[in-house]
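# Remarks on the overall topology
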Amino acid sequence: PWIGYGEALHRVREFGCAPKVFDLIDENKLVMTQATEFIHFLIGEAVADFPDPQLDPEGYLSSLKKVLLETRPIFDASQKKIVPWIDVRIFAKRVLKLGGSCITS
């Protein structure tokens, strides 16, 4: 999965106060618009300055990486380890459809 499932995310979903896209994360593969909406809610207003992922996926990914470097990692109980909120390698491949070995985290 490209989403780190931390306790805060679990609590928001558990209390039912999250946007609909939060319910979709374990039901279906999110399409790009849903994934970027999810990231916007997760990370906040910093995403507003990101390039459009459909027009500039590399720029979007680069902006996401910068924000994640400033974001505290979380403990993902399903993986039993500390992870970033977003695994950029998997996100790049599965959502942005970027491939190859040039993707670095």
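Residues numbered from 1 in each chain as written. Predicted model: local features only at pLDDT ≥ 70, side-chain atom pairs only at ≥ 80, totals over all residues. Heavy atoms only, no water.

### Considering the overall build of the chain
Selection criterion: Strands here are runs of E lasting at least two residues and helices are runs of H or I lasting at least four, both read from the DSSP assignment and numbered beginning at the N terminus. For each residue, the accessible area found with a 1.4 Å probe, counting protein chains only, is set against the maximum for its type, and the residue is called buried under 20%, exposed over 50%, and partly exposed in between. In what follows, residue pairs with any heavy atoms lying within 4.5 Å of each other are defined as contacts. Per-residue and other accessible areas follow the Shrake-Rupley method at a 1.4 Å probe size, with only the shown protein chains counted as cover for residues.
Helices and strands together make up the secondary structure of the chain, namely five helices and two strands. When the helices and strands of the chain are listed from N to C terminus, the series reads α-α-α-α-β-β-α. For the chain, the proportion of its 105 residues judged to be buried stands at 39%. Residue pairs at least 24 apart in sequence account for 47% of intrachain contacts in the chain once pairs closer than 6 positions are excluded. Approximately 6,700 Å² of the chain is accessible, and the part contributed by carbon and sulfur atoms is 54%.

### With respect to helix α4 (residues 57–69)
Applicable threshold: Here the expected length of a helix is defined as 1.5 Å per residue gap, with one fewer gap than residues.
In a regular helix each residue adds 1.5 Å, so 13 residues correspond to 18 Å; α4 covers 18 Å between its end C-alpha atoms and thus fits that length. Residues Pro57, Gly59, Tyr60, Leu61, Ser63, Leu64, Val67 and Leu68 constitute the buried set of α4. On its buried face, α4 sits against α3 (32–43) and α5 (88–94).

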